[in-house]
Amino acid sequence: MDPESKTSQPLQDASSTPAGAPAPRKQLTRRDVIRYGATGLACAAGGYAVVKYVADAVRELTAEGVFKGDAPNDMVWELWRQRGWTHEGYHYLKLGRNVQCKICPNNCLMEPGDRSHCRNKINRDGILYSLAFANPCSFHVDPVEKKPLFHFFPGSLSFSIATAGCVFRCLNCQNWEISQKKPEETKDPRGPELRLRPPVAGLTAGDVARLSMFPEDVVALAQWTKSASISYTYSEPTAFYEYTYDTCKLAREQRIKNVLVTCGSMEEPPMRDLGRYLDAAHVDLKGFNEDIYWKLNAGRLQPILKTLKTLKSMGVWFEIINLVVPTYTDKPDMIRRMCDWLAANIGPDYPIHFSRFHPQHKLQTLPPTPVEILLQAQSIARAAGLRYPYVGNVPGLRDAETTFCPNCKRAVVTRDVFAITGYYLNAGKCGFCQTPIAGVWA
Ligand code: SF4
Ligand SMILES: [Zn+2]
């Protein structure tokens, strides 16, 4: 779902460790964290050591979208609880012994013992619990341009975290090894507690599977890595809402910015609640047709449009990404309708990134998006009046990721992959003609 994490290099690849052999330890410095990050992806993909303590097989997903009877058994629950990896849900209804989550439009209705559609929540004895709290399976330090956010503290670092789980089922998901897993398939609470806080002295892949990172630890690690922001990303923060919310709140107190990298499929009340602590969002607008949204993502379009309006009304800066998937979301007419809607309802100043699709997950047989289609999308956006349309995921394409002044048309920020190569803004204004350039620049 998120285009970025696959390009981050794992600290250590668990699959390279022979079964049963102790993983070699590597001293991890602050510089290593910034360069490489550390990830549980390899643990999740290798999986066996992590999942073998999970007693029950995965149950069938019901028509209502929940996994019947798939909550952890008492032994797993107790391990999870002792670690502090359970947290009562926010925004849910108690309906007798049943519960209904109101975080996203899936509105999962769960009987005792059920697991949610996003895999992260369960009904245990009539209480809704998140299992995705303080247990990130992936974390990295990324340039903020990698989110991508181009008009938000350019050149800064963002401490980025993800847990398992997602509210969508995108056929082209780039991070399905974590987004389409249960928390118990990516983390292993057995062994002594390991809480990651600075200074980080050493980590193995097994440590990554075992470690905890509470909200105050995330904030401390962001400070230690000199990150200007924390990004909730890679999988889908809507599915780890409670962890995101608590961390955002603490980060705001410490003057660290919060960045939500999201599919945007969240109900308005939780969005407004969280929005109070957000500084920026990166919203995936995956297309502009309800049927295709359902077919490609198992999601709906209208809630995403609502989220964009909500963020705007709250003054949260955001940028939009539109992954152009051949045969699904590459029709010029659909792109035109999307851009017209954005211009009319959101305004011309929020950047849109048209991103190139590469074969992934269940869409391995499709070709990459032709560059001409992406350039056409960019032209359509400009014609609709959108001031900052970019083309992403095409290294070397001239000016694809350059910010131009909408008045004098000169390049005011130039980029090479994630690096800023030219910066001609003064206090957020064009250095040539003084026209304000939309964004949060410092
Ligand atoms: S956040 Fe998860 S549990 Fe809540 S409604 Fe959405 S899919 Fe269901
Ligand atoms: Zn200018």
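In this report, the structure presented in the accompanying data block is examined. Since the structure is predicted, the reported quantities are computational estimates derived from the model, not experimental observations.

**A few points about the site of ligand 1**
Step number 1: Taken together, 13 residues form the shell around ligand 1, and within it Cys 101, Cys 104, Cys 108, Ser 116 and Cys 118 come nearest.
Step number 2: Of the residues belonging to the shell around ligand 1, the class tally is seven nonpolar, five polar and one charged.

**Examining unusual backbone geometry**
Step number 1: That bond from Lys 147 to Pro 148 is cis: its omega, -5°, falls within 30 degrees of zero.
Step number 2: Its place among the elements puts Pro 148 in the loop between strand S9 (138-143) and strand S10 (157-162).
Step number 3: At the junction of Pro 198 and Pro 199, the peptide bond is cis and its omega measures out at 0° in the coordinates.
Step number 4: Within the fold, Pro 199 resides in the loop between helix H6 (183-186) and strand S11 (202-203).
Step number 5: The phi dihedral of Arg 255 falls on the positive side, at around 60°, and the residue is not glycine.
Step number 6: Relative to the elements of secondary structure, Arg 255 occurs in the loop between helix H9 (241-253) and strand S13 (257-262).
Step number 7: Arg 255 sits in the exposed class, given 8 other C-beta atoms within 10 Å.
Step number 8: Despite not being glycine, Ala 427 has its phi angle at roughly 50°, a positive value.
Step number 9: Assignment of secondary structure puts Ala 427 in the loop between strand S21 (425-426) and strand S22 (429-430).

**As for the sheet that holds strand S3 (residues 87-88)**
Step number 1: Judged by pairing direction, the sheet is antiparallel, and its three strands sit side by side in the order S3-S8-S7 without closing on themselves. The sheet is open, and its two edges are formed by S3 and strand S7 (121-124), each paired on a single side.
Step number 2: Of the strand pairs in this sheet, S7 and strand S8 (residues 127-130) are connected by four bridges, and their pairing is antiparallel. Bridge assignment links Ile 122 to a residue of S8, and that residue is Tyr 129.

**Quick look at the sheet that holds strand S20 (residues 419-423)**
Step number 1: Pairing is antiparallel in the open sheet, where three strands are placed in the order S18-S19-S20. For this open sheet the edge positions go to strand S18 (403-404) and S20, each flanked by a neighbour on one side alone.
Step number 2: For strand S19 (residues 411-416) and S20, the ladder comprises four bridges, and the chain directions are antiparallel. Counterpart to Thr 414 in the pairing with S20 is Gly 422.

**A look at the environment of Arg 97**
Step number 1: Along the polypeptide, Arg 97 turns up in the loop between strand S4 (92-95) and strand S5 (98-101).
Step number 2: Once you skip the residues sitting within four places of it in the chain, Arg 97 turns out to touch Pro 112 and Gly 126.

**With respect to the nonpolar core**
Step number 1: Val 218, Leu 278, Ala 280, Ala 281, Phe 318 and Cys 339 are the most contacted members of the largest nonpolar core, which has 109 residues in total.
Step number 2: Examining the composition of this core, we find that six residues originate from one element, strand S15 (residues 317-324), more than from any other.
Step number 3: Phe 318 has contacts with Ala 280, Ala 281, His 282, Val 283, Leu 311 and Tyr 350, leaving out every residue within four places of it along the chain.
Step number 4: Membership of the second largest hydrophobic core comes to five residues, among which are Cys 405, Val 412, Cys 430 and Ile 437.

**A word on the packing of helix H13 (residues 332-345) against helix H14 (residues 371-384)**
Step number 1: Interaxial distance between H13 and H14 falls to 9 Å at its minimum, and their mutual angle equals 35°. Like other packed secondary-structure pairs, H13 and H14 cross with a definite hand, here right-handed. Residues Pro 332, Ile 335, Arg 336, Cys 339, Asp 340 and Ala 343 of H13 touch H14, and the partners they reach there are Gln 376, Ala 377, Ile 380, Ala 381 and Ala 384.
Step number 2: Taken together, the residues that form the contact of H13 with H14 break down as eight nonpolar, one polar and two charged.

The rules behind the values
- Residues numbered from 1 in each chain as written.
- Chains lettered and ligands numbered in written order.
- Predicted model: local features only at pLDDT ≥ 70, side-chain atom pairs only at ≥ 80, totals over all residues.
- Near = placed C-beta within 6 Å.
- Nonpolar A, V, L, I, M, F, W, Y, C, P; charged D, E, K, R; others polar.
- Helix = DSSP H or I, 4+ residues; strand = E, 2+ residues; numbered from the N terminus.
- Buried ≥ 20, exposed ≤ 12 C-beta atoms within 10 Å, placed from the backbone.
- Pairing = 2+ DSSP bridges.
- Contact = placed C-beta atoms within 7 Å.
- Core = buried A, V, L, I, M, F, W, Y, C linked by C-beta atoms within 7 Å.
- Axes fitted to C-alpha atoms, helices over the stretch in contact; angles between N-to-C directions.
- Left-handed = near helix turned anticlockwise from the far one by under 90°.

Function cannot be read off these values alone, since they describe shape.
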